[in-house]
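Residue-level listing of the chains:
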Amino acid sequence: MTYRGIVNGVLSGDSLLVRFLHPCPEALQIISLENVCAPRYGSNNGDKLDQPHGSESFEFLRQLCVGQRITIPQNGRPSERTRGHSIFGQLPVVFRHVSLTDQDNKDVALLTTRAGWTRVRQPNYMDDYIESLLEAQKKAQEENLGIWRPNGIVRHLPVRYDPEIVVKTKYYNALVEGVLNGTTLTLFLLPRNEYIFFQIDGCTAPSTRKDNTAEYGQESREFIARFLLNRIIRIQICDYTDNKLFIGCILGRSDLAVRHLIENGLAKFRPYISQFVLTGDD
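This structure is a prediction, so every number in the text was calculated from the model and none was measured.

Caption draft 1: View of the overall build of the protein. A count of helices and strands for the protein gives 6 helices and 17 strands. In summary, the protein has a C-alpha radius of gyration of 20 Å against a globular reference of 19 Å for 282 residues, a match within 12%. Once the C-alpha set of the protein is aligned to its principal axes, its extents read approximately 65 × 45 × 35 Å. Relative to its full complement of 282 residues, the protein shows a buried share of 47%. Sequence separation of 24 or more characterises 64% of the internal contacts of the protein that already satisfy a separation of 6 or more. A total of about 15,100 Å² of accessible surface is found on the protein, and carbon and sulfur atoms cover 48% of it. Charge-centre separation for the protein: the mean point of 33 positive side chains lies 1 Å from the mean point of 32 negative side chains.

Caption draft 2: The arrangement of the side chain of Gln199 in detail. Its location among the elements puts Gln199 in strand 13 (residues 194-200). With relative accessibility at 15%, the residue Gln199 sits in the buried group. Only 2.8 Å separates the side chain of Gln199 from the side chain of Thr184, close enough to count as a polar contact. Within the local environment of Gln199, its side chain forms a polar contact with the backbone oxygen of Cys203, the two atoms lying 3.2 Å apart. The residues touching Gln199, leaving out its near neighbours within four places in the chain, are Thr183, Thr184, Leu245, Phe246, Ile247 and Gly248.

Caption draft 3: The arrangement of the sheet that holds strand 1 (residues 2-12) in detail. If you trace the 8 strands from one edge of the open sheet to the other, you get 6-7-3-2-1-5-8-9, paired in mixed fashion. Among the strands making up the open sheet, the edge pair consists of strand 6 (81-85) and strand 9 (106-107). When strand 1 meets strand 5 (residues 69-73), the two strands line up antiparallel, connected through 5 bridges. Residue Ile6 lies in a different strand from strand 5, and its bridge partner there is Arg69. Packing against the sheet, helix 1 (residues 54-65) makes contact with strand 1, strand 2 (15-20), strand 3 (28-33) and strand 8 (99-100), and its axis sits at approximately 145° to strand 1.

Caption draft 4: Broad picture of helix 3 (residues 128-142). Taking 1.5 Å per residue, 15 residues should reach 21 Å; helix 3 reaches 21 Å between its end C-alpha atoms and fits that length. All of the buried residues along helix 3 are Tyr129, Ile130, Leu133, Ala136, Gln137 and Ala140. Mapping the buried residues of helix 3 onto a view down its axis gives an arc of 120°, with all of them on the same face. Away from the buried face of helix 3 by more than 90 degrees, exposed residues Asp128 and Glu142 are located. Looking at the buried side of helix 3, the elements it contacts are strand 4 (36-37), strand 9, helix 2 (108-114) and strand 10 (119-120). Its side-chain oxygen 3.2 Å from the backbone nitrogen of Tyr129, Asp127 forms the N-cap of helix 3. Directly after helix 3, the chain includes Asn144, whose backbone phi takes a positive value near 55°.

Caption draft 5: Inspection of the sheet that holds strand 15 (residues 232-240) at higher detail. Strand order around the closed barrel formed by 5 strands is 11-12-13-16-15, with mixed pairing between neighbours. Mean inter-strand twist for the sheet, computed between neighbouring axes without regard to direction, equals 55°. Across 5 bridges, strand 11 (residues 171-181) lies against strand 15 in antiparallel orientation. Paired with Ala174 across the bridge in strand 15 is Ile233.

What counts as what
- Residues numbered from 1 in each chain as written.
- Predicted model: local features only at pLDDT ≥ 70, side-chain atom pairs only at ≥ 80, totals over all residues.
- Heavy atoms only, no water.
- Helix = DSSP H or I, 4+ residues; strand = E, 2+ residues; numbered from the N terminus.
- Rg over C-alpha atoms; globule rule 2.2 N^0.38 Å.
- Buried < 20%, exposed > 50% of the residue type's maximum accessible area, 1.4 Å probe, protein only.
- Contact = heavy atoms within 4.5 Å.
- Areas by Shrake-Rupley, 256 points an atom, 1.4 Å probe, with all protein chains shown as cover.
- Lys, Arg positive; Asp, Glu negative; His and termini not counted.
- Charge placed at Lys NZ, Arg CZ, Asp CG, Glu CD.
- Polar contact = N/O pair within 3.5 Å; in protein donor to acceptor, adjacent residues only side chain to side chain.
- Pairing = 2+ DSSP bridges.
- Axes fitted to C-alpha atoms, helices over the stretch in contact; angles between N-to-C directions.
- Expected span 1.5 Å × (residues − 1).
- Arc of directions from axis to C-beta.

Okay, structure coming up:
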């Protein structure tokens, strides 16, 4: 049997967060690419450091897969492993082949290995698929691609910053690293990777704190994560609070996710806190 799904996010250069469609019994799973591995992608606070090329490998898989339709054969044993996710909690982890539905069903592990961002695990057996992976790896090595070239990028996190300068710069492209609630995101500001907490101006969503049973809090959080997690968005930063919570607007099409959040009753428009929006239409 083959299951269909949509890639909701990326955990590293070899792991995907996939939201499956019916009839898959586990709607949300972490899929690790079978037979390959990528350099470690570090944590946002620097407690777990990047390995060389780890952030580049993550970015390649993110651009390749996030938001894409995929198919996965459900051969092998059911998952007995789990991994915690900051938004969705404990999720099953399985090792599978992944194909991109709208790109002629190209195999993701073959693409990442040929581009040089994953290496083939030491195989316990040989078949046509593993031989094709090894051939892709050999070509990437010969061409010094990806991890096979020296001096891989390592992010030195956390990046120090002056909040006054962040606000003064105002406009950023930002990677959505996480979702605290439906209207509060954690972002990496590009290109320097300053890690910030970002409140969307003019609206509020229910709390998702463990000691708070606010109705629809988790639903609101998961809703916005489906549209924005691991995407690059354009933002305008307008101000910040004493505890470095930055306040601003999402610009362009990504703002539709927030509008849909409000339309679905999972957040509220608060005109009295909408102090930074430039016009009534905005």
